Structures are given as C-alpha cells and as structure tokens.
Amino acid sequence: METTVNINDITENDLNWKIDYDADRCTRCGRCIATCTFAALEMNVERHAFTVSEDKTPEPKRLFSTLPVVSQVATLKDHCVGCGMCEKVCPNTAIRPVRNHETREPLLNHPGGSPIKRGGRTNVSVERTLDKIKVGRISQMTDPSLDAQRHTFDVLSPLGRVLSPTEIPIKIENNELNISGKMPPVHWIYPIIFGDMSIGALSTRAWEAVAIATAVLNEKYNMPIRMASGEGGMPVKLMKSKYLKYMILQVASGHFGWNRIIKAMPEMIEDPAGILIKIGQGAKPGDGGLLMAAKVAKHIQEIRGVPKSDLLSPPNHQGLYSIEESVQKMFLSFNAAFKFKVPVAIKVAASSSSVSVYNNLLRDPYHIVGGFFMDGIQGGTGAAMEISLDHTGHPIVSKTRDAYLAAVKQGMQGRIPLWAGGGMGMTGSLAADAFKMICLGANGVFAGKIIIQLLGCIGNDQGRCNQCNTGLCPTGITTQDYRLVKRLDIDKAAETLVNYMLSVDTEFRKLMAPIGNSSLPVGRSDALVSVDKDMADKLQIPYVC
Amino acid sequence: MVTTINSLDKHNRLSTQALLQLIYEAMEKGETDFNIDACGQHDIGGPLWHPEGKPLTFKVTNPGQRVGSMCMENTTIIVEGSAPADVGWLNAGGTIIVKGDGGDTTAHCAAAGNIYIGGRVGTRSGSLMKYDPKYEPPQFWTLKNAGSFCFEFMGGGIAVVCGFDSEAFESVLGDRACVGMVGGVVYVRGPIKGVSTKDVRIHSLEDQDLAFLKKELPVFLKNIDRSPLLKELSVWDEWQKIVPLSYEESHGYKMANLKTFRTKEWVEGGIFSDVFPDNGDHIGLVNTGDFRLRAPVWENQKFCAPCEYDCPASIPTQRRYNLLREGKTEQALELVYLFSPFPRSVCGQVCPNPCMDKCTRIYVDEAIDISGLGAVSTPPPPPPPITKKEHVAVIGAGVGGLTAAWQLRHLGYHVTVFDKDTQIGGKLTNAVSRQRLTQDAIDKDLEPFKHMDITYKLGKPVTEKLYQQIKKDFAAVVLATGAYTPKLPPWPGKERLITSLDFLAKVNKGTALSIGKTVVVIGAGNTGMDVVFGAYASGTQHVTVIDVQKPNAFQKEIDHAQGLGATFKWPCFTKEITDKGVLLDSGELLEADTVIVAIGEVPLLDYIDDAHETTRGYVNVDANYRLANNVYAIGDMTKLGLLVDAIGHGRKVADIIDAKLQHTTLAPTIEKLIERDRLVPQYFDSLHKDEILGACHDVDRCISCGTCRDCRLCKESCPEKAISRIQKEDNTIEYVSDYHKCIGCSICSGVCPCGIWTMVTAPALFPDGKI
C-alpha cells in the first residue's frame, strides 16, 4: 500500500517546469541536485516489481528491484524555475527542465495569501512595437552614401541641459568669441547607458563587472559609455577613483547609500558623470524599489545603512509633492551638491501624464534639469510583484515620440535630453532598438536586463528563472551569497559585455550609414517605416507592407 | 604606320563613341599604333587586341576618365601629361604610363599589367587591386603620393608610392590608407599616417622586397622619363612596406584582456574590497566544503520510529530488530527490559499495540508483529548489584509501581514496594480478564520481580500514618496505588450494583459467582469487555452492554464480546437500578439478574497528607510526576490509562528520581517522530500473507525507521566516495561524510531506507563570515 495521493496534493504537472529525466543515461553523479540553488531536485528510489513467467507453462516468478532516480521536488516552495543548471552540469545530457503548459502554479503558489514576486521583465507584454519598425530609408543612390567602416561618426548624446543658441552667454573680446557666463554642464556620452541596477539587486561581482566593462569601453575603446548606479549607493573605493567620471549616481526614494556618497565628496578626484533622481521605474510603476531580505547581506547593510529586512523604498520621495517642488528641491539640491558642475536628470515610469511632466520641466527657468529618463512597461527589475510586472506600465515607444513632438512644437527639442528605457534589447538587438528610439526622438536609451543577460543571466521573458528576488540566482548575478557570487567569472562577464557593446557600436554605424547620418539621427523619423498601420499613424512614420 | 587621331576639329569635338569607333575601324585595317590627341574622351585603350597578337600602342594626350580601362596584354598606353580618374580601371594586362598625375581611383581593381604614374594619384587609388595567380601580379607605381583611402580593400598586386616631391604632406598615403586590405603589398617611401592598422602591418623591407624594387624602380623611372631620380629614391632605409595581416591575425581574438585590466589598472583589490573581500577567483557549479549548497547530516537515532513514538512506554522496536539482525539476541532482550518488565503480558497480550498502528511497513504490506515479539520474550538477566545508598519506596505493586521499582532497582537503588494486596501485579492480576491475558504470561513476567532484591511489604494498606513514616524513611516515594474506587452516579438502587473491579477480582481468583442468566453491564469500555468475558465464563447466558455513547473499547474486544453473544445498546441513560434490572430514562427496562457497573474508577487519596489538587478525582502532578517534595505519583492515580501508560510512567519517574538524587540532569529523550518522506520503504518488496512468518522473522521486514540498519547503501551510492563507515570502540558504527569530498548531492539522504541522512541547507556564505 503506497502513500495516498489526494486531489489537492501538488504533483509535478501542477508546476511551471517539469524535469525531463532519462534514468538510462544518468550516471547518478549527483551534480544536477548539488548545483540546483532552488533545491528543486532530489534523489528518489523507484521500485520495479513484477511477475514474469519464463517457462513453457505459467511459472510465476516475481522480480523485484529498486533504482535510484533523480526526481523533481513537487512542492510549491521548491519548484523548478527552468534555469537549466542541471542540464549544464549533467555529463550525459540526461536531464533538463521543460516548460509545462498545463501548469497550475500561477493559481496555486500563494503561500499565506502572498502574491507571486519575481524579477525580470514582463512575461505578458512581449509584443513589441520596435520589432514592427524597420529602418526603411536607404540612401545609397540618393543622398551621399556613407560607409559604416570608413566614415567618421559622431555617436554621442547629451546628458545635461542644452541651451538654445540665444541663451548661450557669449561675447566678443579682442576679436575672439568667448563664453562670458556660467553654462549648465553637458556631457556628450554614448547613447546607451548601463541602467540603474543597484548594489544589492546585483551581486558585488556582477555590479563590478558592469563597472569594469564601462571603464574598459571608455579607456580602451574610446566609447563614452556611462553606468547608472541604481539606488543602492556606490562603492567608496570607486568614488575615490578616477573612474567615478563614468558613473551616474542615483538617488531614489529610499535614499540608500547617500551617507557614504556625501562623506566621500571631499576625496573625489573626479566628478560623477551625472545624478539621476529616480521617481519611478517601468517594471513596477507606482512602486519604489524593493530588495528582499534574502539579499540584504552584511555589506549591503553597511552600504545602505539599514538592518537585514525587506527594503521597500517608498513610492514617492517623501519630501516632494509636485513637479514644481521636485524641480525646486531635488534638482536644486543635487545641482548644488556638486556645485552645478554635474548634470542632474530625472527618471520616471512612462505614464499617461509623462508628456505633461516633460513640458513642465522644459519650462524650468534655472536650467537645472539635465535629462528626462522615461522607463517603459517592458523594463526589468530585481523584485516586484508579478501583477505589477505584467499589468502595469506604459509602452515606451509612442510615449517617447509624444514627448519629443511636444518639445518640437515649442521649438524646445533637445533642450532637456530625452532618454528612454524599458525592454531595450529585449529581442536581441540593443543597437537596433536604440537607433529606432533615437529616430523617433530619444537622445539615447538605457538598458538593464540585457546587460545582466550578457553577464550570464539565463532569465528570459517566457518565465524562465527570473528569481532575482530570492537571492538564489544560479549564475551569481542577483545574489549576495558568496557561494553563488563566486560562480560568476567577473572577467568573462565583463568581456562579454564589452564585446557586445563593441558590436553594438559597429551596428550603430551600419544603421547610420545607409540613412546618411554621421551624427545621431535624433527625431529623423523619416528613416523609419512601420509594417503596422496603426503604429505608423500613431508615430507619424510611413506605413509599409 | 601610325594612326593619328585628332579629336578636336576647330570647335567640333569627337564624342567618346565616335573616337573609339575610329580606333576600331583603324584596327580592322591592321593598325597597331595610335597617336591620339584626345579631348577628355573616356575609355581610350581597352579592351583591345590584335588578332595575331601584335602589340598595340597608344600615345595619348589629354585623355578623359578610365584611360586604359580593361586594358589587355600587349597594349601599351602612354599619356603625356596627366589623366583624370580611373586610370587603368580593371587593367587586365596592359602597360599604362601616365607621365603626369593620375586622378582618383587610379588602378582601381587592376588585376594584371603595370601602371606607372609620374606624378600624384587621388583618393582611393589602388583600391580593390587583385592578383590572379595564373598571371604576373599587377604593378601600380606612383612617383609622388596618393590620396586618402588609397589601397582600400586591396586584394593583391604590388603598389609602390615613391614619395618624391611630397614634403608638404603629413602622409604620402593620405589618411586611412589600406582599410580592408587583405592581399598584396604596398611599398612606400616617406611619412605615412592613419594607415588602417587593424587590417595591415607596416614592415621594413626584406631581401625579396629589395630585389624587386632594385629591379623594377629603374624600369618605372625610365617609363616616366625620370631615370635621374634613381639614386635619390634608392635610399632603401627610407622605404617601408605595408602588408595585410593574415586572416588569423585580423580575425583572431584581440580583446583587451579584462583580467589584466582588472588586476593592473582597475581600482586596487576591487571596488568592494572594503566591504566584501573577494579575490576574484571563480568556481564551478558543483562544489565541496563550504561552497556546497547543502550538506548531509547523519542523524542516527535522532528521531523515533513510529512504533517507538506511539508506544507509551517508548519501546524502540526498530532497535530490537537491529540487534536481532546483528545476531545480538541477548542485547535485544536486555533492550526491551530497559523499557518494560512486562513484554509477555502487556506487549504480547493485553496491550492494544498502538506501536503497530503506524508502522511504516504498512506502506509495504502489513505492520511488524510487535505484539508477537513481546510474547516470545525470554526471562531477563538478573539485575545488577545495588550500588546506591538511597532507599526508594514504591507504594502500589501494579504495573506502574512495579515498573518504577524495576527501573530503580536496575539503577542501583534499594527499593521497597508496599501494597494492600497480598500479591503483586495490581490490575494485571486482579482486573484484566483471563480471556485477554493468560496466567502463564502474568506468572512469567512477575517471576523476575521475586529475584531482584526488592523488599515487598504486602497485605497492608498504607495509612496516612504509615505514609508519613515512609516519607521520612525513604529518599523518594513513588505513589502508584491506581484507581480502585468505582465512579457511581447517584442512581436510585445503586447499592444493587456490582462493581467491575470486585467482579473481575473474584473471577480472576476463581471465586464461584452466582450472577444469574442475564447480566447488564453499564459501560462499554475495555473493562466492560473484561466484565462481559468474566460473566460468560461464570455461566451467564446473555449479556447486554449499555453506554451513554458509542462503545470505546478496542474493536477486537467488542468483536470478541459479540462473538460470545453480548448485545450492545447505546445511547442509554440509566435512571434507576431496580430489582428487575436497569430502568432507562426512556422508560425501557433492561431486565437483569445482575447489573455490573464498569464506568471507571478514581483513586483513593485519603492517605495522602500532602497538599494536592485533583482533576475529576485524579491527582495533579507536574511534568516530572512530582506531587510533593520527594513524592511522585504515576499511573491511574493521575489519569486512567492503559497498562502500558503506567509502564511508561514507571520508567520515566525512575529516571527522574535518579537524576534528582544523584544531582544529574535527565538524559534527553528522543521525542520527535521521523518524517515519513525521509524513509524509503521502496527497498522492501511486499510479501504475501503466507510469507509473513511472524515476529521472529520480522527481522527482515522491519524498515528500521530512524535507526541506521548498517546496509551501506549510502556508502555504495555516494558518487564522490565521500562516505566512510566507522566501527567505533564500543562496537557501534557511524557513517561519516567527508567535508572535502562531498558535493552535497543528497544521494545519501535519497537512498537511505531508514531516513538517517538528511540534507541541511548550508547557510549563505559571505567572505567575512556567515550571516
């Protein structure tokens, strides 16, 4: 008599992933079980019992044997997430996770009434506008054709408040044209920013790998890439180094890490590349940041100045109640903190009201708004409720276009650089996405999830892994557990990112050359066509089919 | 004859087409030499050939673009003065001499023949030159310098830029020369800048280069009428050559070395080294030691088997079978006597054996026969000598008191047992029906008590006065006087009732009883069933058992009672006992010659002078059975229970008293039940009922839940050979997993039939300690 199975018991077929296991190929080396950070595998013993007859007449003979087999832990707590580490370590390709379309896990996995939390991007809004837009204007025979390989290209975007020609304080002295007054700081940087993944959300190694890649791209390849810190503070040693100039410091509603940033100011030998005031993010608009306690290790507690607990940043900066106030207080304070030498930008979750906000900022008379970052619904995160990831947010493409055209209408385009993010590179090409966004009016884009995917993250937008919130990241990227962090080859991770960005740079030129632009085609929507009529109409670009 | 063509007649210029048609016509007539005074006409000089292969010569002035394009072998073109773009475009073998400058894209795509330019050439000259190995490589000579982007995508051939009269230029190759160059060689004299070093390498000349230049430079100079320059241009250390990188070199991995950058140029020690020291080494996905995600722990005898857990006396049957499996029969027997002195009578006969209810073997076939194991017990070995000075009194010689006495005696104490009865055994002797319990089993279990230096003071009830004396005389006192006072509700006629204990005591003593033909038993518990058995044994013909609720006797006993003919009625509420029988609240009269009440008893506590509290008549004790200073109470005095409950109390109170008297702490007991899913009963094949041969053979059926059966499965299954079996000095064994070898795969815990190995999730690791 075996143990009774009841209808409400959880079995493998109730889970998102099933383990496809071949006992004949398995050597029982145990590596798959040993490597699984989610404890989703176990060794079981199968009983094989049957009666055979091998004689010419019925001569029953009972055969009984047992076999150790790897099996899936069929619980909602230790469920397989499809990360595939088992498959990676198996010497005989005897095991792999397989997506289970019959899953009931989304309905059932609510222990104690809690909603599903995870990291990654939306798993629902995967249809992308950018994939229906093509670079449709090819100028080989009409305009002077550029050669991607030989021509010089100016792949640079502004970060900082750009003055109109009439506002620039210039005067002629001794027959020379000189700047006669203060100008807001503007940095011309690469149009792709490594975006906003905090120390804490990322492991120390993953964060440092991105920082190293940033430095190498700047120092060795002359690509002025900038990295935004995320809201988890900054390593003191980095702040005291020359590499600080490649870093954009973020302040979010939790204000984590600013104690050490402020204290480090006297020892900074370089100014940071910028300050980013984070109001919201596209993955979970309306929420503040969230770092689950599992990841709030000792060093994170130190850098952030908080004890081990779930770290929830408030949805709002506690001291701000309006756009006007945010300009006055936050922008002024952070401009002042760095003596008006560092551009200060703001990042918001794209929303129905984003254009109004942008319009208001454009009217800022003090010229202290150095950038407007909008993050769309397809942005990724380290931890959010799935309901937010999948069902809240605003697509970024038309919103960027709307904001740009609103500025054009006032003749103010380019004054406050527009940076767009949220799913950039989601279908594989960061260069194409960035280029299209720029043609639609963005000055540049920022990307996060694809960056960690380049480091080695195996999560995707079809529900694979995305357990960034658990601290159990099998690749050592979104965890603070040294055992897992050490899995990440920091040099290889940085190298992959550098390689990718070098190829992005080449690809960028491959897109700029045919449309005949040697500088970024900001707002050159005539270069684009859409294979979707409604999209074409909305974005004011030609419809083609 | 030389054909002379003047392309301009006053103001009439021949079109390119008309000029070329004149040439074709002349060639039809066999003409081979042309003097052409051109006026910008294109494509003069090729592709043309004489049917007999005679050489063709064109002396041209003022040509248009593409002079000598697609020019063929045996064609020589001499341009006096300069020529515009595309001189020698796609040259396929001709000799083209331009004594002045060439324009842009001179020698573009030339693949054979020689092009000699006596001046400068423009942008993209030499681009896409090729070399067809079936022919001599093309040569492209320029006396002065070349424009930017020259030699782009050059695939073969020899280009020479002599750098004469080019001092005004920073680079004699302009900017970005040789982009995409994959073949051929460019010899160059003079300064160069902006050469595409991702494609080419700049070298000094080697012997074969010198040989080539020394041989061909005079030819070039002669062709352009500048032979006097030979000496000036023959200063060979002013020359360099540009050759393409090999395919492997240009496509090889040329990444900046990230590790070198990190360790040499990056922030020293890493940016987190102040808060998270990290040497940067990385590990694989499977690790040992501290880097395991989980680690195995050998938890032998840390958890109760279900039998042990459900036995009120905590008898670890799985350990008995382990000893039997090892052939240690005596130790197995000693083990049971450590827990109960009544294996035959209680385990073997009267106990309902809750130990067997949840036996793991049920998942395979049926429970281990623990009752049978008790029944076949042999007499215990003699007790050890008395070693302790303290005297302990036990009042009451029932199973609880006797167990306490037994255990205390085994612990080395002087023990004195008091009882009002003249014999020991309590309810075992005088209350349990002989149909449930044989005299033989009682005798065998009680016999050892007579030979173990226990002092018995029997036949005399303990009065308050005696009790006071006992408390003074003994270091500790165990009260185990049971519950003998029947509970009797205030029913009218209750004096007509016979109490179950009186009745059963007489039955068990063999006293003749006259109870008539019909009997009503009030109370359908196990005592009620004993009464039923006793009544039938005394000659009654019919017994009716009533209760206010569903009978709660064991089903086995109820079945036996029904088998004897008893009928059960419930719910029945007694109103009165009359001389005719039992009158119920409902008005029904159950006729009876005798009515026996078996609804339980409460203890007699009148001798206890200590302050005490009771609950429903039973004395309250603390968790250590303590009633007063040195007085402990156990068994039915505290709550009605099974005989085995009293046995459990007796053992525990003995240990508690020992710890108290010796000022030691009580050894911890195993209290947790092993989790079902730690066990692997799959290893055991299910047996047919015929094959289950009883307690003595169950040694192979017992799964040994929670106690290592030393099967070696873990050791044999461990893929890393990390598990060792250690035989210890006390003859016990232990399995140990090697920290340095184990990868935490959990195979040991997965295959252990007994659930001994378990995987502990190792805590997250941080470089400066664990959090």
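Worth saying up front: this structure is predicted, and the values here are computed from it rather than measured.

A few words now on the sheet that holds strand β20 (residues 418–421) of chain A. In a beta sheet, neighbouring strands pair by backbone hydrogen bonds and run either parallel or antiparallel. All names here are of chain A. In space, the 8 strands of this closed barrel follow the order β11-β12-β13-β14-β17-β18-β20-β21, with parallel pairing throughout. When the angles between neighbouring strand axes are averaged without regard to direction, this sheet yields 30 degrees. As paired elements, strand β13 (residues 247–251) and strand β14 (residues 274–278) share 4 bridges and run parallel to each other. Pairing of Q250 across the sheet is with L276, part of β14.

All names here are of chain B. Residues L56, F58 and V60 of strand β5 (residues 56–61) are buried on one face, while the alternating residues T57, K59 and T61, pointing to the opposite face, are not. Relative to β5, strand β4 (residues 33–37) runs parallel, the two being bridged by 5 bridges. By the bridge assignment for β5, I36 is matched with V60. Bridge count between β5 and strand β6 (residues 75–80): 6 bridges; the pairing is parallel. Of the residues in β6, the one forming a bridge with F58 is I77.

With that settled, the discussion passes to the nonpolar core. By size, the foremost hydrophobic cluster in this structure holds 304 residues, and its most contacted members are A:L497, B:V478 and B:Y632. In this structure, A:L497 is in contact with A:A209, A:V210, A:A213, A:I451, A:L454 and A:L455, ignoring residues within four places of it in sequence. B:A92, B:C150, B:V161 and B:V179 belong to the second largest nonpolar core, which has 68 residues in total.

Across the contact, 47 residues belong to chain B and 58 residues belong to chain A. Ranked by the residues each element gives to the side of chain B that touches chain A, the list is headed by helix α5 (residues 258–265) of chain B, at 4 residues.

What follows is about the environment of A:S518. All names here are of chain A. Its place among the elements puts S518 in the loop between α15 (490–512) and β22 (528–530). For S518, a count of 15 C-beta atoms within 10 Å corresponds to the partly exposed category. Every residue in contact with S518, bar those within four places of it in the chain, is listed here: L146, H151, T152, F153, D154 and M512.

You can read the domains of chain B as domain 1 (1–63), domain 2 (81–251), domain 3 (330–484 + 603–670) and domain 4 (488–600). Summarising the inter-unit geometry, the C-alpha centres of domain 2 of chain B and domain 3 of chain B are found 114 Å apart.

The rules behind these values
- Residues numbered from 1 in each chain as written.
- Chains lettered and ligands numbered in written order.
- Predicted model: local features only at pLDDT ≥ 70, side-chain atom pairs only at ≥ 80, totals over all residues.
- Pairing = 2+ DSSP bridges.
- Helix = DSSP H or I, 4+ residues; strand = E, 2+ residues; numbered from the N terminus.
- Axes fitted to C-alpha atoms, helices over the stretch in contact; angles between N-to-C directions.
- Buried ≥ 20, exposed ≤ 12 C-beta atoms within 10 Å, placed from the backbone.
- Core = buried A, V, L, I, M, F, W, Y, C linked by C-beta atoms within 7 Å.
- Contact = placed C-beta atoms within 7 Å.
- Domains from an automatic or database assignment.

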